[in-house]
Amino acid sequence: MSEPAEEESRNSGEGAETIRETPGVSAAMKSAEASEGGSRRIFVSLPPPVEPASPESRRATRILWSRTTSWRRRHADILVAIEWVAAALFLLLALYFLWLLLFPPLPIAASPDEIVRAEFRSRLRLLPMPEADPDWRVASAPGRWRGVVIHHTATSGGNAEGIDRFHKTVNRWENGLGYHFLIGNGKGMGDGEVAVGRRWREQSRMNGSHVVMTDAAKGGVFNMPHTAKGNEFAIGVALVGNFQIGLPTPSQLAALLCLLSFLRKEYGFGADAIVGHGAVSASGTDCPGRGLLVDEIILVLSRP
Ligand SMILES: [Zn+2]
């Protein structure tokens, strides 16, 4: 049997003259009848009084409430910790987006090769070539230098002193900085600033330490016998930066063009004797990264 039908049958059973309202109203109605001596029926519309809760329901409410509050009280420290962690995460996220806004990632990240190349070309031609530094000129044995190997430091920043220290302590190279020249990117040393390494200034006493060359490379563009060592005849030029994930700055490229054209004039090697580390390395390396396009540099240097 459905409930509405039961309700209806109960209503009809209570008598036709009783107007069924809420229990509170019928009680008020009865008291009004009494005061009027039963002569008239007065309908008073009063709000229903709050029905007193049964002891069972009060007990149940109390238990529920105490459970809730004691759980909160017991775990208050955890809740506060969660709130702090959430706030910290939110702050970190906000800082990250602010960082992205202030220092947008270089276009190389996840960009196709042609976009990297277009960006590299535009940076390569952005600034005029600066003047060569007289400090670069060091007395060299005739015919010693056959070309240049270009590197990146694979770091976001750095300077000659830092890399010198690294090569001394980590690589355990007594003479420190393995490159002959280092070109800064504005983080640790000037953007486009060229540092002359000790191995260049004291080239009569020591070799560079930047490449282990394949025999094919030695016999190819450098026209050297297999027995010769790359570090004896190749000049090491490194640019500060990680060009697997970014591009050299326009100032770095302007300085690099200037340095390379100075070295070519000084030692008379062809533009094709300028190579990236990876192209000649016997052990294989990504250096100087996909964001440093040596063929584009050669193209600029080959122009009359
Ligand atoms: Zn390298």
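Described in the following lines is the structure provided in the data block. Model, not experiment: these values are computed from the prediction. (Residues numbered from 1 in each chain as written. Predicted model: local features only at pLDDT ≥ 70, side-chain atom pairs only at ≥ 80, totals over all residues.)

**Some details on unusual backbone geometry**
Looking along the chain, the bond that leaves Cys287 and enters Pro288 is cis, with omega of 5°. Mapped onto the fold, Pro288 is located in the loop between helix H11 (277-280) and helix H12 (294-302). Its identity as a non-glycine residue notwithstanding, Ala154 has a phi of 60°, on the positive side. Among the structural elements, Ala154 can be located in the loop between strand S1 (147-152) and helix H6 (160-169). Note on Ala154: 18 C-beta atoms within 10 Å, which makes it partly exposed. At Asn223, a position not held by glycine, the phi torsion is positive, near 55°. (Helix = DSSP H or I, 4+ residues; strand = E, 2+ residues; numbered from the N terminus. Buried ≥ 20, exposed ≤ 12 C-beta atoms within 10 Å, placed from the backbone.)

**Looking at the sheet that holds strand S3 (residues 191-196)**
In sheet architecture, strand pairing relies on hydrogen bonds along the backbone and comes in two forms, parallel and antiparallel. On the basis of which strands lie adjacent, the open sheet formed by five strands has the order S3-S2-S4-S1-S5 and mixed pairing. Taken across any chain shown, the strands that pair with only one partner, and hence form the sheet edges, are S3 and strand S5 (274-276). The mean angle between the axes of side-by-side strands here comes to 25°, regardless of whether they run parallel or antiparallel. As paired elements, strand S2 (residues 181-185) and strand S4 (residues 234-239) share three bridges and run parallel to each other. Across the sheet, Ile183 pairs through a bridge with Leu239, a residue of S4. Along the sheet face, helix H10 (residues 250-267) touches S1, S2, S3, S4 and S5 and points at about 40° away from the line of S3. (Pairing = 2+ DSSP bridges. Axes fitted to C-alpha atoms, helices over the stretch in contact; angles between N-to-C directions. Contact = placed C-beta atoms within 7 Å.)

**Points about the nonpolar core**
One finds Val148, Phe181, Leu182, Ile183, Val237, Leu256 and Leu259 to be the most contacted residues of the largest nonpolar core, which totals 48 residues. When residues of this core are traced back to their parent elements, those giving at least two are helix H5 (113-124), S1, H6, S2, S3, S4, H10 and S5. The biggest single contributor to this core is H10, with eight residues. Once residues lying within four places of it in the same chain are set aside, the contact partners of Leu256 are Ile183, Leu239 and Ile297. (Core = buried A, V, L, I, M, F, W, Y, C linked by C-beta atoms within 7 Å.)

**Some words on H5**
End to end, H5 covers 16 Å across 12 residues, agreeing with the expected 16 Å (1.5 Å per residue, within 8%). Residues Val116, Phe120 and Leu124 constitute the buried set of H5. The buried residues of H5 occupy an angular sector of 65° when projected down its axis, which confines them to one face. Exposed side chains of H5 directed beyond 90 degrees from the buried face belong to Glu114, Ile115 and Ser122. If you follow the buried residues of H5, they end up packed against H10 and H12. (Expected span 1.5 Å × (residues − 1). Arc of directions from axis to C-beta.)

**A few points about the packing of H10 against H12**
The geometry of a pair of packed helices is captured by two quantities: the angle between their axes and the separation between those axes. Two elements in contact, H10 and H12, have axes whose closest approach is 11 Å; the angle formed by their N-to-C orientations is 60°. Judged on the interaxial angle alone, H12 and H10 are oblique. Note on packing geometry: the crossing formed by H10 with H12 is right-handed. Contacts from Leu256, Leu257, Leu260, Ser261 and Arg264 in H10 reach Ile297, Val300 and Leu301 in H12. Residues of the contact of H10 with H12, tallied by class, amount to six nonpolar, one polar and one charged. (Parallel < 35°, antiparallel > 145°, perpendicular 65-115°, else oblique. Left-handed = near helix turned anticlockwise from the far one by under 90°. Nonpolar A, V, L, I, M, F, W, Y, C, P; charged D, E, K, R; others polar.)

**Some remarks on the environment of Leu260**
If you trace the backbone, Leu260 turns up in helix H10. We classify Leu260 as buried; it has 22 C-beta atoms within 10 Å. Setting aside its immediate chain neighbours within four residues, Leu260 contacts Val148, Ile274, Ile297 and Leu301.

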